[in-house]
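Listed here are the chains, written in short residue letters.
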Amino acid sequence: MNIVELDAVHNQREITRLLEEHRHGADSSIPAYERTMLSLAAYENDSFMGGVTGDVAWNILNVHLLAVDPACRGTGLGAALLAEIENRARQLGCKVSELTTMSWQAPHFYQKQGYEIFGEIKDCPNEGHTKYYLKKRL
């Protein structure tokens, strides 16, 4: 056996194929694993002000990245980007949104947007910091 690096797109396709075979054999009532990528950006004139990315699978929105230019923080742009990706996920049938954030990033921001912490890893990435897992019913 050889373990090698493989192009992520090709690897994901192969892994998904194996997972689908397992899903179908385990319980055919479970829907197919299909991912839809979402990527939104805010611009003013030609300047990138912020963006959000995520994917939808099994009626769950997984928010991957959200960032706003420091000059735009506190203006509601982050909340608007998050609300828009949630709205698009709802249109795709999502019932839940999930994401992670670090203690030095934005746990309070997400809580103000209706997310609740359901898990954490302390001392990550190093001592004194925490990785939070958050969810929200859509």
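You'll find the structure just up there.
Residues numbered from 1 in each chain as written. Predicted model: local features only at pLDDT ≥ 70, side-chain atom pairs only at ≥ 80, totals over all residues. Heavy atoms only, no water.

A. Quick peek at the nonpolar core. Formed by 21 residues in total, the largest nonpolar core has its most connected members in Leu 61, Val 63, Leu 77, Ile 85 and Tyr 115. Counting only elements with at least two residues in this core, the list comes to β1 (36-44), β2 (47-57), β3 (60-68), α2 (77-91) and β6 (130-137). The contacts of Ile 85, once residues within four sequence positions are left out, are Leu 38, Leu 40, Val 52, Thr 53, Gly 54 and Leu 61. (Core = buried A, V, L, I, M, F, W, Y, C linked by side-chain atoms within 4.5 Å. Buried < 20%, exposed > 50% of the residue type's maximum accessible area, 1.4 Å probe, protein only. Helix = DSSP H or I, 4+ residues; strand = E, 2+ residues; numbered from the N terminus. Contact = heavy atoms within 4.5 Å.)

B. Main features of the packing of aromatic side chains. What the rule picks out here adds up to 4 aromatic pairs. Seen from their ring centres, Tyr 110 and Tyr 115 are 6.0 Å apart, and the 75° between their planes marks the pair as edge-to-face. Grouping residues by exposure puts Tyr 110 and Tyr 115 together as buried. A ring pair is formed by Phe 118 and Tyr 133, whose centres lie 6.3 Å apart and whose planes are at 55°; its orientation type is tilted. You can see Phe 118 sitting in strand β5 (residues 116-122) and its partner Tyr 133 sitting in strand β6, a full 15 residues away along the chain. The exposure class assigned to Tyr 133 is partly exposed, which follows from its relative accessible area of 25%. (Phe/Tyr/Trp six-rings, centres within 6.5 Å; stacked < 30°, edge-to-face > 60°.)

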